[in-house]
Amino acid sequence: MRRIAYCSPLNPVQSGISDYSEELLPYLSAYAEISVFVERGLAPSNPQVERHLEVRAIDELPALHRRRAFDAIIYHMGNSPAHAAIYDMALRLPGVVVLHEWVLHHFKLWYAAERRGDIAAYIAEMRRRYGEHGERVARRMSRGQLLEAAFRFPLVEDLVAAAQGVIGHSHFVVEQARRVRPDLPAAVVSMGVPLPPQHDARAARAALGLPVEAPLWASFGHLNPYKRLEAALRAFRRFREDAPEARYLLVGSLSPAYDLPGLVRRLELSDAVVITGYVPRAAFELYVAAADVCLNLRFPTAGETSASLLRLLGAGKPTLVSAVGAFAELPRHVVAHVDVDRSEAALILAYTRLFRRYPAIAAQLGHNARSYVAREHSLPGAAQGYIRFLSELYGWGPTPPQRAALWSMEPERDAPSTVGSGAPGSDAPALADASCGPLRQTIAAVGQAAAELGLRPADETALRAIATTLGDLLGEAPRRDQV
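Predicted model, so just to flag it, every value in this text is computed and none were measured. Residue numbering note: each chain is counted from 1, following its sequence as written. This being a predicted model, a pLDDT of at least 70 is required before a residue's local features are given, and a value of 80 or more before pairs of side-chain atoms are given or counted; all residues contribute to the totals for chains, interfaces and linings. Side-chain figures throughout are based on the complete set of non-hydrogen atoms in the structure, without hydrogens or water.

Caption draft 1: How the structure looks around the sheet that holds strand β9 (residues 247-251). The strand order β10-β9-β8-β11-β12-β13 describes an open sheet built from six strands, whose pairing is parallel. In this open sheet, the two edge strands, each paired with only one partner strand, are β10 (273-277) and β13 (336-338). On average, each strand axis in the sheet is inclined to that of its neighbour by 20°, with strand direction left out of account. For two strands to pair, DSSP has to find at least two bridges joining them. Helical segments are the DSSP runs of H or I of at least four residues, strand segments are the runs of E of at least two, and each set is numbered from the N terminus. Inspection of the sheet shows strand β11 (residues 293-296) paired to strand β12 (residues 319-322) by three bridges, in the parallel sense. Bridge pairing in β12 links C294 to T319. A fitted line through C-alpha atoms represents every axis, and for helices the fit uses only the stretch in contact; the resulting angles, taken between N-to-C directions, go from 0 to 180 degrees.

Below, the structure is given as structure tokens:
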């Protein structure tokens, strides 16, 4: 059996990649003998990991590899300090790098300042790779000015140059890597997540002390200026004019550099917006279950594939995403895409009004989303994608037979559903006109939302974007005279 060294953060490190690895490992271990390497001093909090797998300090990897070579080494890399030892080892002992996002700029700034105590090295690298403009951005970033321009300077080139191969969870990341290194062996492997159980929304609200009947919006993840919360809150303020009882849940840790409470106060929404701070997984699932509509917006993007977004979709929630980077790759019958231009707030308002007025459309979008995650983002499928790429890269021959997972993260799959579909188990949308009303009427409502938020009622960008999504959901393409 092939032997794989697997380098990743694990819980209790608060990282989405910790959760990701703990969910993937039992399925990857069905194909190979896995040794997990973590930062020295870390004791995994998940008892299943140490019960079933060898866990070693990452600084032991070179000696163990010399003594008995691993068939593959996998390094999981994200844009956070949790990956410092992994970054060091990936440069020292090359293997396959899994890029969870394309931009590592903020990690590299932290690494130079805190790990090495040499901020000049960061500034010098920015100048060497990106010229005078890169140096100017670096000097401002090093003084604590968080600039959107940083997302144009990924600082990932050294990892890509050293890697024997790269795995990305989106075509966006893989295409960027191949531009840096055209000869790079690379593959897109879908991110796997467990299909979550579908909790009762009323019971979840009661458990969280939330109003049972009020419309509930929710955004999840680390809350920072890039999550488009100002546009979302502006749209929510308009939404409350028709639904004053509505609440907006902001669930996740808050960036210390972001005065989100101040923004909420300035928009006079303190009575309607709940900022929870970081919550454990069980509470996260309750908040997801409680929500009527979820917003997963971000720009600029680091090119990340969001596990939290896939969990929202897997829970069957109608979800709005920014139409950028990896998020733009999601099918239009699975999410509602929101452009990051002057139509942004208008689209948010129009979609959320639409879902409230026509619950069948929201239900169809949620149904499509859950089916998509079950089909395209299963944990067994993700593990198979890893092994297929490693087998091709290292010449292992045919994919080895799959054994049973060491432990299971997957609940039983849903039975094939016919809700809103033309055939059992199909995602093909087939909502009756009586359920969702005329398309023309809905598009007119978009024009009204645009006008209320300062756009022309006939703003073509906003109208055309939502009309396209509606056409996908309803199984009809809107005619040009409707937009």
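Caption draft 2: Quick peek at the packing of helix α10 (residues 229-242) against helix α14 (residues 344-357). Their axes nearest at 8 Å, the elements α10 and α14 cross at an angle of 40°. Considered as vectors, α10 and α14 are oriented oblique to each other. The two elements α10 and α14 meet at a crossing, and its hand is right-handed. Residues A231, A232, R234, A235, R238, F239 and D242 of α10 touch α14, and the partners they reach there are E344, A345, I348, L349, T352, R353 and R356. Throughout this entry, Asp, Glu, Lys and Arg are counted as charged residues, while Ala, Val, Leu, Ile, Met, Phe, Trp, Tyr, Cys and Pro are counted as nonpolar. The remaining residues, Gly among them, count as polar. In terms of residue class, the contact of α10 with α14 is made up of seven nonpolar, one polar and six charged. Throughout this description, any angle smaller than 35 degrees is read as roughly parallel, any larger than 145 degrees as roughly antiparallel, any in the 65 to 115 degree range as roughly perpendicular, and the remainder as oblique. For a crossing to be left-handed, the near helix must be turned anticlockwise from the far one by less than a right angle; the clockwise case is right-handed. Every residue pair with non-hydrogen atoms within 4.5 Å of one another is taken to be in contact.

Caption draft 3: Highlighting the packing of aromatic side chains. Here a Phe, Tyr or Trp ring, Trp counted by its six-membered ring, pairs with any other such ring whose centre lies within 6.5 Å, and the pair is stacked when the planes are under 30 degrees apart, edge-to-face when over 60, and tilted otherwise. Scanning the entire structure with this criterion turns up 14 aromatic pairs. Ring plane angle 65° and centroid distance 5.1 Å describe the contact between F220 and F284, whose orientation is recorded as edge-to-face. Here the residue F220 occupies a position in strand β8 (residues 216-220), and F284 occupies one in helix α12 (residues 281-290), the gap between them amounting to 64 residues. By relative accessible area, which is 4% here, F220 ends up buried. Taken together, the ring pairs connect Y87, F107, W110 and Y111 into an aromatic cluster. When the ring centre of F70 is taken as origin, the NZ or CZ atom of R3, which lies over that ring, is 4.3 Å away. Burial here depends on accessible area, computed with a 1.4 Å probe over protein chains only, as a share of the maximum for the residue type. Under 20% is buried, over 50% is exposed, and the range in between is partly exposed. Throughout this description, the term charge over a ring refers to an Arg CZ or Lys NZ atom that lies within 6 Å of the ring centre and within 35 degrees of the ring normal.

Caption draft 4: Representation of the sheet that holds strand β2 (residues 33-38). Sheet architecture is open: seven strands sit in the order β3-β2-β1-β4-β5-β6-β7, paired in parallel fashion. In this open sheet, the two edge strands, each paired with only one partner strand, are β3 (54-57) and β7 (186-188). Each neighbouring strand pair of the sheet contributes to a mean axis angle of 25°, computed without reference to strand direction. Bridging between strand β1 (residues 3-7) and β2 involves five bridges; their strand directions are parallel. Note that in β2 the partner of R3 across the bridge is E33.

Caption draft 5: Focus on the environment of V173. Take V173: it is sitting in helix α8 (residues 171-180). The spacing of V173 and A187 is 14 residues in sequence and 9.7 Å in space, taken between C-alpha atoms. Apart from the residues lying within four places of it in its own chain, the contact partners of V173 are L99, E101, W102, G168 and G303.

Caption draft 6: Structural view of the packing of helix α1 (residues 16-28) against helix α16 (residues 379-394). Contact geometry of α1 with α16 gives a least axis separation of 9 Å together with a crossing angle of 70°. The angle between α1 and α16 places the two elements in the roughly perpendicular class. For the pair α1 and α16, contact is made by Y20, E23, L24, Y27 and L28 and by L379, P380, A382, A383, Y386 and I387, respectively. Here the residues of the contact of α1 with α16 are counted per class, giving ten nonpolar, no polar and one charged.

Caption draft 7: Representation of the environment of L379. Mapped onto the elements of the fold, L379 is located in helix α16. A C-alpha to C-alpha distance of 9.6 Å links L379 and S408, two positions 29 residues apart in sequence.

Caption draft 8: A look at the nonpolar core. What is meant by a nonpolar core is a set of buried Ala, Val, Leu, Ile, Met, Phe, Trp, Tyr and Cys residues, joined one to another through side-chain atoms within 4.5 Å. Within the largest apolar cluster, 47 residues are counted, with the highest numbers of intra-cluster contacts made by I4, L28, I34, L313 and Y386. Put simply, the parts of the chain that give this core at least two residues each are β1, α1, β2, β4 (72-77), β5 (96-99), α13 (307-314), α15 (359-376) and α16. Ranked by residues supplied to this core, first place goes to α16 with seven residues. Look past the residues within four positions of I34 in its chain and what remains in contact with it is I4, Y6, L25, L28, S29, L53 and E54. Within the second largest apolar cluster, 38 residues are counted, among which are W217, L233, F239 and Y248.

Caption draft 9: Here's a closer look at helix α9 (residues 201-208). Counted as a polar contact is a pair of N or O atoms within 3.5 Å, where, for protein atoms, one must be capable of donating a hydrogen and the other of accepting one, and residues adjacent in sequence contribute only when both atoms are in side chains. Here α9 starts with a cap whose side-chain oxygen sits 3.3 Å from the backbone nitrogen of R202, and that cap is D200. Where α9 ends, the next residue or the one after it, G209, has phi of about 70°, a positive value.

Caption draft 10: Just the side chain of E157, in detail. Inspection of the secondary structure assignment puts E157 in helix α7 (residues 157-162). Take E157: its relative accessible area is 15%, and that puts it in the buried class. There is a polar contact of 2.6 Å between the side chain of E157 and the side chain of Y130. Setting aside chain neighbours within four positions, we find E157 in contact with R129, Y130 and V180.

Caption draft 11: Seen up close, the pattern of salt bridges. For salt bridges, the criterion is a side-chain nitrogen of Lys or Arg within 4 Å of an Asp or Glu carboxyl oxygen. This model, assessed by the stated rule, comprises 26 salt bridges. A salt bridge links D158 to K108, with the shortest nitrogen-to-oxygen separation between them at 3.2 Å. In this pair, D158 is assigned in helix α7 and K108 in helix α5 (residues 105-115), connecting sequence segments 50 residues apart. K108 carries the same exposure label as D158, and that label is buried. A salt bridge links R181 to D183, with the shortest nitrogen-to-oxygen separation between them at 3.1 Å. Taking relative accessible area as the criterion, D183 reaches 57% and is therefore assigned exposed. The structure contains a network of salt bridges with shared partners spanning R40, E54, R56, D59 and E60.

Note that every value here comes from positions in space, so none of it alone points to a role or purpose.
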